[in-house]
Amino acid sequence: MWRSGLKWMFLIMGTTIGAGYASGRELWQFFGDQSGLAILLFTIIFSICCYVIMKISYEEKSEHFSPVLKRLIGKKLSYFYEIMIVIYLFSTTVVMLAGGGATLEMFHIPYWGGILIFAFLLVLLFVWDIKGMISINAFILPILIIGLIGILLSFILKNGQPFSFNLEAQKNWPAAFTFSALNVLPLVAVLSAIGKEMKSKAEGLISSVGSGIVLGTISFIYNESLMQIASQIVLYEIPLFAILENYPYSMIIFMSFLLWAAIYTTAASGVFGITSRFREGINLPLWAIAAITVLAMIPFTTFGFATLVSVLYPLYGIANLYLLGAILLFPITNRYKWD
């Protein structure tokens, strides 16, 4: 049970910690000054959402997001959100491709060359179906989390500025809801596809609470670090590199690799969410469906990483508030079925 719970926990974090999050761009877009309470609320909301989705997924023994959406918001409205999920996964995976290309530029690989390498490795992963995703997340995420927390704590201690939390100065608390809403659609898409693989609801509880606590902790530490370099962030496509500016080149290389790996796992989750929905109606192997999907995404990467994050993410966060509300209220509105 615990082993499976940790496995799904890494899948959840691999879905969430992608181009926008790991680079710091997404956190800075939503949080920033007076956001300690917002991050705490996000931790709680995120954990509840994960558990509700996984519980429904387990009960439905689902292999894609359609049955879970019907339970959450009804049959008619679920059709609208199915379309939205596909568009969301497509566009945000484009963001991951752009982020993958931007990250590989640190290794003196041309932007388009980096995107093609990223796309090839992405399709290659689906030769092993969902087992490939689970394995890569279980390998990469612990290294990423330890590395990211280590470098952020080191940066804060190096600057000599302690953590700050003033309960009377928390005006940005509503950002918890838009930031949580942003992450709802990919969670529904990915977690709905593992219902058939789950053995008990306890796995969902372990993974939901664990991923919420870990992501909340990283978010708070990361936001505190970004606050200390607020004036420099506008100069960087990827804010993490502003934090790493005065570190040895070897550390920059290491963190660039971890950032690229985080982008890779989230892109894989996006492609998996799309392919799992359509694989029943297409008589092709999963890697072939993934290849067609990724090839269709590549032309859209010309918009640039930071532009895509700054424009798309807030729009999706607002649009998904209804679905977020439906998930949070599900245990109450279905109280006679909730056990």
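I will try to describe carefully the structure that is included in this document. Everything quoted here is computed from the prediction, not taken from an experiment.

About the thresholds
- Residues numbered from 1 in each chain as written.
- Predicted model: local features only at pLDDT ≥ 70, side-chain atom pairs only at ≥ 80, totals over all residues.
- Heavy atoms only, no water.
- Phe/Tyr/Trp six-rings, centres within 6.5 Å; stacked < 30°, edge-to-face > 60°.
- Helix = DSSP H or I, 4+ residues; strand = E, 2+ residues; numbered from the N terminus.
- Buried < 20%, exposed > 50% of the residue type's maximum accessible area, 1.4 Å probe, protein only.
- Lys NZ or Arg CZ within 6 Å of the ring centre and 35° of its normal.
- Salt bridge = Lys/Arg side-chain N within 4 Å of Asp/Glu carboxyl O.
- Expected span 1.5 Å × (residues − 1).
- Axes fitted to C-alpha atoms, helices over the stretch in contact; angles between N-to-C directions.
- Parallel < 35°, antiparallel > 145°, perpendicular 65-115°, else oblique.
- Left-handed = near helix turned anticlockwise from the far one by under 90°.
- Contact = heavy atoms within 4.5 Å.
- Nonpolar A, V, L, I, M, F, W, Y, C, P; charged D, E, K, R; others polar.

### What about the packing of aromatic side chains?
Across all of its chains, the model carries 10 aromatic pairs by this definition. The interplanar angle of 85° and the centroid separation of 5.5 Å between the aromatic rings of F118 and W260 together place this pair among those described as edge-to-face. With a gap of 142 residues between them, F118 in helix 7 (residues 111–125) and W260 in helix 12 (residues 249–278) connect regions that are remote in the sequence. We note that F118, like W260, is buried. Across the ring face of W8, the terminal group of K7 is positioned such that the distance to the ring centre comes to 4.6 Å.

### Re the pattern of salt bridges
Between side chains of opposite charge, a pair can form as their charged atoms come close. If you walk through the whole model with that rule in mind, you get five salt bridges. E60 is paired through a salt bridge with R71; the nearest N and O atoms lie 2.9 Å apart. Of this pair, E60 sits in helix 4 (residues 36–60) while R71 sits in helix 5 (residues 66–73); the two residues are 11 residues apart in sequence, bridging distant segments of the chain. On the accessibility criterion, E60 (32% relative accessible area) is partly exposed. Using a relative accessible area of 28% as the deciding quantity, one classes R71 as partly exposed. For the salt bridge of K196 with E63, the shortest nitrogen-to-oxygen distance reads 3.8 Å. On the criterion of sequence distance, the pair formed by K196 in the loop between helix 9 (175–191) and helix 10 (201–227) and E63 in the loop between helix 4 and helix 5 is long-range, its members being 133 residues apart. Among the residues examined, E63 registers a relative accessible area of 41% and is labelled partly exposed. Through salt bridges with shared partners, a single network forms among K55, E59, E60 and R71.

### Describing helix 4
If you check helix 4, its first and last C-alpha atoms are 37 Å apart, about what 25 residues at 1.5 Å a residue would give, namely 36 Å. Of the residues trailing helix 4, K61 is marked for its positive phi of about 50°.

### Focus: the environment of F46
Mapping F46 onto the fold places it in helix 4. Distance in space between the C-alpha atoms of F46 and F179 is 9.5 Å, their sequence separation being 133 residues.

### A look at the packing of helix 7 against helix 13 (residues 286–297)
Here helix 7 crosses helix 13 at 155°, and the two axes come no closer than 8 Å. The orientation of helix 7 with respect to helix 13, classified from their angle, is roughly antiparallel. Handedness of the helix 7/helix 13 crossing: right-handed. Residues A119, L122 and V123 of helix 7 form the contact with helix 13, whose own contacting residues are W287, A290, A291 and V294. A per-class count over the contact of helix 7 with helix 13 returns seven nonpolar, no polar and no charged.

### Some remarks on unusual backbone geometry
Of note, the phi angle at K61 is positive, near 50°, even though the residue is not glycine. By secondary structure assignment, the location of K61 is in the loop between helix 4 and helix 5.

None of this, on its own, says anything about what the molecule does.
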